[in-house]
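# Secondary and tertiary structure notes
Okay, here's what each chain looks like letter by letter:
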Amino acid sequence: NAGVTQTPKFQVLKTGQSMTLQCAQDMNHNSMYWYRQDPGMGLRLIYYSASEGTTDKGEVPNGYNVSRLNKREFSLRLESAAPSQTSVYFCASTLTVGDEQFFGPGTRLTVL
Amino acid sequence: KNEVEQSPQNLTAQEGEFITINCSYSVGISALHWLQQHPGGGIVSLFMLSSGKKKHGRLIATINIQEKHSSLHITASHPRDSAVYICAVSTNTGNQFYFGTGTSLTVIP
């Protein structure tokens, strides 16, 4: 089992460009999450999907959109990237909401 | 306002020392989680607990629900324990996770 996978691992964007971060899990988990991690701050929840077909905003959703494509896949889209979105992005999944989390390896995004 | 506070922020220990990392939270929770993040960036879950105490090898996690406080202990610390330890809570009012800013532990041989 691969667990939680994320692509790409690294990305550099120019301000205003768009991109989609991909996340997939093979553990048959129901809930999936997108976080960002910034220096000196804890992980912050961007969006989550409690179950297939549902998505909800987390603590810092502005500037992002998500799609729960199916039970395995949960993507994060930046429509018009801004330097404030420079961060490390982690995807995670849980069997049910609030359960033990399994994290992907992260995507390091730089917006110039 | 930080829902989860950890202390200390940084910790240096000699190999073999007993280590304690503390976590306090201010929201109602369904569970508290301890995570480990290695220098390469990967994050793994160490413990999920909602009461009492759990032990895994040299790691022990305790929680006091009334005091809204948890501790992570490492016995006989080893250089391979060097990592950032993160406390997180899953709330009982919604589908939210809140994270502390982490404790950076360095164990010197």
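Up top you'll find the structure we're talking about.
Report on the accompanying structure. Note that the structure is a prediction, hence the values are computed from the model and not measured.

Cut-offs applied
Each chain carries its own residue numbering, running from 1 in the direction its sequence is written. Chain labels run from A onward and ligand labels from 1 onward, assigned in the order the entries are written. The model is predicted, so local features are restricted to residues of pLDDT at least 70 and side-chain atom pairs to those at 80 or more, both for listing and for counting; the totals for chains, interfaces and linings are taken over all residues. Just so you know, side-chain values use all the structure's heavy atoms and leave hydrogens and water out. Both site types are read off a 1 Å grid over the protein atoms alone. A 1.4 Å probe that fits but cannot get out defines a cavity, while an open set with protein on both sides within 12 Å along at least five of seven lines defines a pocket; lining residues have an atom within 4 Å of a point. Grid points are joined across faces, edges and corners, and a volume is the space filled by probe spheres set on the points. Under the scheme used here, helices are H or I runs from DSSP no shorter than 4 residues and strands are E runs no shorter than 2 residues, and both carry numbers assigned from the N terminus. Residue polarity is assigned by list, with Asp, Glu, Lys and Arg as charged and Ala, Val, Leu, Ile, Met, Phe, Trp, Tyr, Cys and Pro as nonpolar; anything else, Gly included, falls into the polar class. Here the rule is simple: two strands pair whenever DSSP picks up at least two bridges between them. Only the contacting stretch of a helix is used when fitting its axis, a line to C-alpha atoms as for every element, and angles between N-to-C directions run 0 to 180 degrees. Think of it in three bands: residues with accessible area under 20% of the maximum for their type are buried, residues over 50% are exposed, and the middle band is partly exposed, with areas taken using a 1.4 Å probe on protein chains only. Nonpolar cores were defined as sets of buried Ala, Val, Leu, Ile, Met, Phe, Trp, Tyr and Cys residues, with membership established by side-chain atoms within 4.5 Å. For this analysis, residues touch if any pair of their heavy atoms sits within 4.5 Å. Here, a salt bridge means any Lys or Arg side-chain nitrogen found within 4 Å of an Asp or Glu carboxyl oxygen. In short, buried area is how much 1.4 Å probe accessible area vanishes from two parts on joining, totalled over both. N or O atoms within 3.5 Å of each other form a polar contact, as long as, within protein, one can give a hydrogen and the other can take it, and as long as residues adjacent in sequence are counted only when both atoms are side-chain atoms.

### Section: the layout of surface pockets
There is about 590 Å³ of room inside the largest pocket. Along the walls of the largest pocket sit 32 residues, with A:Gln37, A:Arg108, B:Gln37, B:Gly41 and B:Val84 positioned nearest its centre. Elements supplying a minimum of two residues to the lining of the largest pocket: strand S9 (87–94) and strand S11 (107–111) of chain A together with strand S9 (83–91) and strand S11 (103–108) of chain B. In terms of residue class, the lining of the largest pocket is made up of twelve nonpolar, 17 polar and three charged. Of the voids in this model, the second largest pocket is the one considered here, and its volume is about 200 Å³. Forming the walls of the second largest pocket are 13 residues, and the residues nearest its centre are A:Gly42, A:Glu59, B:Asn2, B:Glu3 and B:Phe99. When grouped by side-chain class, the residues that make up the lining of the second largest pocket number five nonpolar, four polar and four charged.

### Quick word on the sheet that holds strand S3 (residues 19–25) of chain A
Note on sheets: strands pair through backbone hydrogen bonds, and any given pair is parallel or antiparallel. Residues and elements named next belong to chain A. Spatially, S1-S3-S8-S7 is the arrangement adopted by the four strands of the open sheet, whose pairing is antiparallel. Each edge of the open sheet carries a strand with a single partner, namely strand S1 (4–7) and strand S7 (64–68). Mean inter-strand twist for the sheet, computed between neighbouring axes without regard to direction, equals 15°. Taken together, the three bridges between S3 and strand S8 (residues 74–78) define a ladder with antiparallel strand orientation. Counterpart to Leu-21 in the pairing with S8 is Leu-76.

### Concerning the pairing of strand S4 (residues 29–37) of chain B
All names here are of chain B. Judged by how many residues are buried, S4 sits mostly within the fold: eight of nine residues are covered. As defined by bridge partners, S4 adjoins strand S5 (residues 43–49) across six bridges and the pair is classed as antiparallel. Note that in S5 the partner of Gln-37 across the bridge is Ile-43. Between S4 and S5, which pair antiparallel in sequence order, lie five residues; one of them, Gly-41, sits at a positive phi of approximately 110°.

### Overview of the nonpolar core
In terms of nonpolar packing, the biggest core is built from 24 residues, with B:Leu32, B:Trp34 and B:Val89 touching the most fellow members. Among the elements of the structure, strand S3 (19–25), S4, S5, strand S7 (59–64), strand S8 (69–74), S9 and S11 of chain B are those that each provide at least two residues to this core. In contact with B:Leu32, other than residues within four places in its own chain, are B:Cys23, B:Tyr25, B:Phe47, B:Met48, B:Leu49, B:Ile63, B:Ser70, B:Cys87, B:Ala88 and B:Val89. Membership of the second largest hydrophobic core comes to 20 residues, among which are A:Val4, A:Val66, A:Leu76 and A:Val111.

### Thoughts on the pattern of salt bridges
All names here are of chain A. The tally for this structure, following the rule as stated, stands at four salt bridges over all chains. Residue Asp-38 is joined to Arg-36 by a salt bridge in which the shortest nitrogen-to-oxygen separation is 2.9 Å. Asp-38 gets classed as buried once you look at its relative accessible area, which sits at 11%. As a salt-bridge pair, Arg-44 and Asp-38 come within 2.7 Å of each other at their nearest N and O atoms. Here the salt bridges share partners, and the residues they tie into one network are Arg-36, Asp-38 and Arg-44.

### So, the interface of chain B and chain A
Contact residues are listed per partner, giving 16 residues for chain B and 20 residues for chain A. In total, chain B and chain A occlude about 1,500 Å² of area from one another, counting both sides; carbon and sulfur atoms represent 59% of this. Seen at the junction of chain B and chain A, the total is zero salt bridges. Summed over the shared surface of chain B and chain A, the result is four residue pairs in polar contact (both at pLDDT 80 or more). Those elements giving two or more residues to the side of chain B that touches chain A turn out to be S4, S5, S9 and strand S10 (97–99) of chain B. For the side of chain B that touches chain A, the residue count by class is seven nonpolar, nine polar and no charged.

### What about the side chain of A:Thr107?
Residues and elements named next belong to chain A. If you trace the backbone, Thr-107 turns up in strand S11. Among the polar contacts made by the side chain of Thr-107, one reaches the side chain of Gln-6 at a distance of 3.5 Å. Side-chain polar atoms of Thr-107 contact the backbone oxygen of Pro-8, separated by 2.5 Å.

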